[in-house]
Amino acid sequence: MSETCKTVAIFGTGSSGERAWKTCTAIPSVKVVAFADNDDRKHGTLLHGLPVISAEELVSSSIEGVVLASMFAADIRAKLLNLGLAHERIVTASDRQFASAVMDWALDRTGGLVALEGG
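Positions within a chain are numbered from 1, following the residues in the order the chain's sequence is written. Totals for whole chains, interfaces and linings use every residue, but because this is a predicted model, local features are given only for residues with pLDDT of at least 70 and side-chain atom pairs only at 80 or more, for both listing and counting. Side-chain measures here rest on the full set of heavy atoms in the structure, leaving out hydrogens and waters.

Novice: Is there a simple way to think about the pairing of strand β1 (residues 6-11) in this case?
Specialist: Consecutive residues of a regular strand have side chains that alternate between opposite faces of the sheet. A large share of β1 lies buried, amounting to five of its six residues. A pair of strands is considered paired only if DSSP assigns at least 2 bridges between the two. In DSSP terms, a helix is any run of H or I states spanning at least four residues, a strand is any run of E spanning at least two, and both are numbered starting from the N terminus. Sheet topology note: the β1/strand β2 (residues 30-36) ladder contains six bridges and is parallel. Across the sheet, isoleucine 10 pairs through a bridge with phenylalanine 35, a residue of β2. By the criterion used throughout, a crossover qualifies as right-handed when its path from the first strand across the helix to the second strand runs clockwise, the strands pointing away from the viewer. Tracing the backbone out of β1, into helix α1 (residues 15-25) and back to the parallel element β2 gives a crossover that is right-handed. With a 1.4 Å probe rolled over the protein chains alone, any residue whose accessible area is under 20% of its type maximum counts as buried; one over 50% counts as exposed, and the rest are partly exposed.

Below you can see the structure in the form of structure tokens.
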């Protein structure tokens, strides 16, 4: 990892999290180091070989950024801010990207393989 590489966690382990994983891993200046999720059953598991952690663990970590990858991004953002995470550390997808994903899902352009899931 280069000195200019930023560490991030992806908040959401569903299909939006998978899209975020593919996007983030294609960016040389970003290193995904964890996933986070609100589902207690997923905490302590691995996704793509990385730990799935809670919001509380995320806030207390040294991870530089959090990519919100969930249809519940507004609620997750509010929770993270309430837990004390600085707003500068939170990254959200643009409305256009999310709208495109929802449209593809709604029109079943993926052959039913993609379902938007909450993180």
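Novice: Help me out: how do you make sense of the sheet that holds strand β6 (residues 90-92) in this one?
Specialist: Here six strands make up an open sheet; going across it, the order is β3-β4-β2-β1-β5-β6 and the pairing mixed. Looking at which strands have only one partner, the edges of the open sheet turn out to be β3 (46-47) and β6. Helix-sheet contacts for α1 involve β1, β2, β3, β4 (50-53) and β5 (65-68), and the interaxial angle to β2 is about 160°. When checking whether two residues touch, look at their non-hydrogen atoms; a contact exists if any pair is within 4.5 Å. Note on method: axes are straight lines fitted to C-alpha atoms, helices fitted across the in-contact stretch only, with angles between N-to-C directions ranging 0 to 180 degrees.

Novice: Sorry, what's going on with the packing of aromatic side chains here?
Specialist: In this description, an aromatic ring pair is defined by two values, namely the gap between the centres and the angle between the planes. Two aromatic rings from Phe, Tyr or Trp, using only the six-membered ring of Trp, form a pair when their centres are within 6.5 Å; if the ring planes differ by under 30 degrees the pair is stacked, by over 60 it is edge-to-face, and anything between is tilted. Under the definition given, this model contains one aromatic pair. Relative to phenylalanine 35, the ring of tryptophan 21 lies with its centre 5.8 Å away and its plane at 40°, an arrangement referred to as tilted. You can see tryptophan 21 sitting in helix α1 and its partner phenylalanine 35 sitting in strand β2, a full 14 residues away along the chain. Classification of tryptophan 21 as buried rests on a relative accessible area of 18%. Take phenylalanine 35: its relative accessible area is 0%, and that puts it in the buried class.

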